[in-house]
Amino acid sequence: MFSAFSSIDYHSIRASTPAETAVKRLNGIGEVLSGLDITAIHTQDDMARALWTLDTADKCVRLILTEFRSERTTEVVREANSLIDLIEAARDEVSGYRDGSRVLS
């Protein structure tokens, strides 16, 4: 588990500017989220894990925006907003499963 975080930090250290560091961190969050398969949700536990992952990713994106407040370039804001939108869309889709459009055991 910790090796994934260390690789993100390693890439951040190699960034040439604070804004580039922020974008690299946001891209790392996007890479993690790309592995989330909403169609693989079959149980309440699966749904809880998916929602926890999405909530955690959302908090991380917002933390990066706070941490890099003075380096908010157009690219940083665009990447963050894109991730936030994708997280919200995925959360809505998962919520649709909870609301009964898919039976969970």
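For every chain, the first residue of the written sequence is number 1, and numbering continues from 1 along that sequence. This being a predicted model, a pLDDT of at least 70 is required before a residue's local features are given, and a value of 80 or more before pairs of side-chain atoms are given or counted; all residues contribute to the totals for chains, interfaces and linings. Just so you know, side-chain values use all the structure's heavy atoms and leave hydrogens and water out.

*Asks:* If you had to explain the overall build of the protein chain to someone new, which residues and values would you point to?
*Replies:* Numbering of helices and strands runs from the N terminus, with a helix taken as a DSSP run of H or I at least four residues long and a strand as a DSSP run of E at least two residues long. When its secondary structure is counted, the protein chain shows 4 helices and 0 strands. Walking the protein chain from its N terminus toward its C terminus, one meets helices and strands in the order α-α-α-α. Relative accessibility decides the category of a residue: with a 1.4 Å probe and only protein chains considered, values under 20% of the type maximum give buried, values over 50% give exposed, and everything between is partly exposed. Counting only residues that meet the buried cut, the protein chain has 32% of its 105 residues in that class. Note on contacts: a residue pair qualifies if any of its non-hydrogen atoms lie within 4.5 Å across the two residues. Contacts in the protein chain between residues at least 24 apart in sequence constitute 73% of all its contacts with a sequence separation of at least 6. Accessible surface, the protein chain as shown: approximately 6,800 Å² in total, 56% of it carbon and sulfur. Using a 1.4 Å probe, accessible areas were evaluated by the Shrake-Rupley method; residue-level cover was limited to the displayed protein chains.

*Asks:* So what's going on with helix 3 (residues 44-67)? Residues and values would help.
*Replies:* A helix is expected to span 1.5 Å multiplied by its residue count minus one. Here helix 3 spans 34 Å end to end across 24 residues, near enough to the 34 Å set by a 1.5 Å rise per residue. All of the buried residues in helix 3 are Asp46, Met47, Ala50, Leu51, Leu54, Ala57, Asp58, Val61, Ile64 and Leu65.

*Asks:* An account of the environment of Arg78 is requested, with residue identities and associated values reported.
*Replies:* Locating Arg78 in the fold gives a position in helix 4 (residues 74-101). When the C-alpha positions of Arg78 and Val23 are compared, they lie 9.6 Å apart, and in sequence the two are 55 residues distant.

*Asks:* Describe the pattern of salt bridges, and please don't skip the residues or the numbers.
*Replies:* For this document, the term salt bridge refers to a Lys or Arg side-chain nitrogen within 4 Å of an Asp or Glu carboxyl oxygen. Inspection of the entire model under this criterion finds 5 salt bridges. Put simply, Asp58 and Arg62 hold a salt bridge, and the shortest N to O gap is 3.0 Å. Remark: Arg62 and Asp58 occur in helix 3; sequence separation between them is 4 residues, near one turn of the helix. Given a relative accessible area of 11%, Asp58 falls into the buried group. Put simply, Asp55, Glu88 and Arg91 are held in one network by salt bridges that share partners.

*Asks:* Describe the confidence of the model for the protein chain, with residues and values.
*Replies:* What pLDDT conveys is the predictor's confidence in a given residue, as a value from 0 to 100. Summing up the model confidence of the protein chain, the mean pLDDT is 81 and the portion of residues at 70 or higher is 77%. Here helix 1 (residues 2-13) is the element of the protein chain with the lowest mean pLDDT, 46, and helix 3 is the one with the highest, 94. Overall, residues 1-10 carries pLDDT values under 50, and its contacts beyond four positions in sequence, including any with other chains, amount to 2 contacts.

*Asks:* Any chance you could break down the nonpolar core for me, citing the residues and the numbers?
*Replies:* The biggest cluster of nonpolar side chains holds 24 residues, and the ones touching the most others in it are Leu26, Ile29, Leu33, Val61, Val76 and Val94. Broken down by secondary-structure element, the contributors of at least two residues to this core are helix 2 (18-34), helix 3 and helix 4. Discounting residues that sit within four places of it in the chain, Leu33 has contacts with Thr53, Leu54, Ala57, Leu83 and Ile87. Grouping buried Ala, Val, Leu, Ile, Met, Phe, Trp, Tyr and Cys residues that are joined through side-chain atoms within 4.5 Å yields what is termed a nonpolar core.

*Asks:* Quick rundown of the environment of Glu75? Include the residues and the values.
*Replies:* Mapped onto the fold, Glu75 is located in helix 4. Measuring from C-alpha to C-alpha, the distance between Glu75 and Ala22 comes to 9.5 Å, with 53 residues separating the pair along the chain.

*Asks:* Tell me about helix 2, and name the residues and values.
*Replies:* The terminal C-alpha atoms of helix 2, which comprises 17 residues, lie 24 Å apart, in line with the 24 Å expected from a rise of 1.5 Å per residue. Turning to helix 2, its buried residues are Ala19, Thr21, Ala22, Val23, Leu26, Gly28, Ile29 and Leu33.

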